[in-house]
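# Summary of structural features
So you can see what is in the structure, the chains are spelled out below.
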Amino acid sequence: MAAPKVAVVGAGVVGLSTALCIVETCPSCSVTVLSDQFSPNTTSDVAAGMLIPHTYPGTPIHVQQQWFKETFTYLFAISNSAEASEAGIHLVSGWQVFKNTPKEELPFWSDVVLGFRPMSKAELQKFPQHQFGQAFTTLKCDCPPYLLWLEKRLKATGVQICTRKVADLWELHSEYNVVVNCAGIGAQQLVGDEELFPVRGQVLKVHAPWVKNFIRDGDGLTYIYPGIHRVTLGGTREKENWSLSPDPGTTKDIFDRCCSLEPSLRGAQDIKVKVGLRPSRQSVRLEREVLSQGGVKLPVVHNYGHGAGGFSVHRGTAKEAARLVGECIAALQGSSSRAKL
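Bear in mind the structure is a predicted one, so any value in this text is a computation, not a measurement.

Rules and cut-offs
Counting restarts for each chain, with residues numbered from 1 along the sequence as it is written. The predicted nature of this model means local features are confined to residues of pLDDT at least 70 and side-chain atom pairs, given and counted, to a pLDDT of 80 or more, with totals for whole chains, interfaces and linings taken over all residues. Neither water nor hydrogens contribute to the side-chain values; these are computed over all heavy atoms in the structure. Here the nonpolar core consists of buried residues drawn from Ala, Val, Leu, Ile, Met, Phe, Trp, Tyr and Cys, with membership extended through side-chain atoms lying within 4.5 Å. Burial classification: accessible surface area is computed with a 1.4 Å probe over protein chains only, and a residue below 20% of its type maximum counts as buried, one above 50% as exposed, and the rest as partly exposed. Helix and strand assignments follow DSSP, with helices taken as H or I runs no shorter than four residues and strands as E runs no shorter than two, numbered in order from the N terminus. UniProt positions are given in the numbering used here, feature names are shortened, and annotations may be inferred rather than shown by experiment. For two strands to pair, DSSP has to find at least two bridges joining them. Residue contacts are counted whenever heavy atoms from the two residues lie within 4.5 Å of one another.

### Considerations on the nonpolar core
- Membership of the largest hydrophobic core comes to 65 residues, with the highest contact counts inside it found for Val6, Val31, Val33 and Tyr146.
- When residues of this core are assigned to their parent elements, the largest contribution, nine residues, is made by helix α9 (residues 310-340).
- In terms of nonpolar packing, the next biggest core, distinct from the first, is built from 21 residues, Met119, Ala208, Ile215 and Leu261 among them.

Below is the structure:
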């Protein structure tokens, strides 16, 4: 068969990374990214981009560990390259603090991040409300530059990037051999996934260049993540809330919570408020499916539902999705060669 045509629907961090992995594993493919929104207007642009995984109850831990390890290894290599600044990736050290000692003192990702250890008594004095903490170094991804870097990489490999609203995956069957669904929260409408729900996140992006270390409350709600140019302060996790309008009361609450962890933030300047809808479900949907109508078949690979943990596992899930695309193409090539017989 001629070069297989693959469409990737969605241009957040998952869609762009998946397109890149497909090109890397299947160079003979012709890949097109289709989306009605690109950076700076994606959910990924709002994300803090810290590599601290959250746990998916419906996905085996060893699988999540593998996804995180692959993502960390990939971004760590970029952070050690001349492209680190353009891609917006850098190492950042800091603390995760708890009011009470957690059941799990060693999270599943503790041996992937660098230098993971319990905090000393002297360090904990900085956080009088907290009695236990973990210190480690991880990677921080400044999301808008990273998305633009991924787009640039894709264009350099000949991937087509098109603005297009896809209302139904089936509308692509006459143009593409395989379709990859990386539509994020849009998958709820696109494929009718009722297990998918939004978790609204509101964050502040502030100018506070003296803040060099991240601080995260163990409950995951309050966090301070220094980026290259701005510090992200968060946050909220509001299930089933579809509102993209910033809430002034929430802004004040986030600011006050972050200042209680890092009082110097009272001097932060130029506060910008961002809202995103995390595409959440019990487990990431990462699987093959074949749609068929009237004897015509369309192989689909789904890769969405990453919730708050998308940046931490995006490369690992993209590699797996690319492997599934390879399986779809092998099946198509097998059936086309049988047809010739």
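### Some details on the UniProt feature "domain: FAD dependent oxidoreductase" (unreviewed entry) in the protein chain
- In the numbering adopted here, UniProt assigns the feature "domain: FAD dependent oxidoreductase" (unreviewed entry) to residues 5-324.
- Strand forms 33% of residues 5-324 and helix 28%; the C-alpha atoms that close the span are 15 Å apart.

### Points about the pairing of strand β13 (residues 269-293)
- Pairing between strand β8 (residues 197-207) and β13: 10 bridges, direction antiparallel. If you follow Leu204 over to β13, its bridge partner there is Val273.
- Pairing analysis gives 10 bridges linking β13 to strand β14 (residues 296-306), with the strands arranged antiparallel. Opposite Ser280, over in β14, you have His306 as the bridge partner.
- Here β13 hands over to β14 after two residues, with Gly294 in that stretch at a positive phi of 55°.

### Section: the side chain of Ser79
- Structurally, Ser79 is set in helix α3 (residues 61-79).
- Excluding residues within four positions of it along the chain, Ser79 makes contact with Ala84, Ile89 and Leu139.

### Some thoughts on the environment of Lys155
- Relative to the helices and strands, Lys155 is located in helix α6 (residues 143-156).
- Along the primary structure Lys155 and Val206 are separated by 51 residues, whereas in three dimensions their C-alpha atoms are 32 Å apart.

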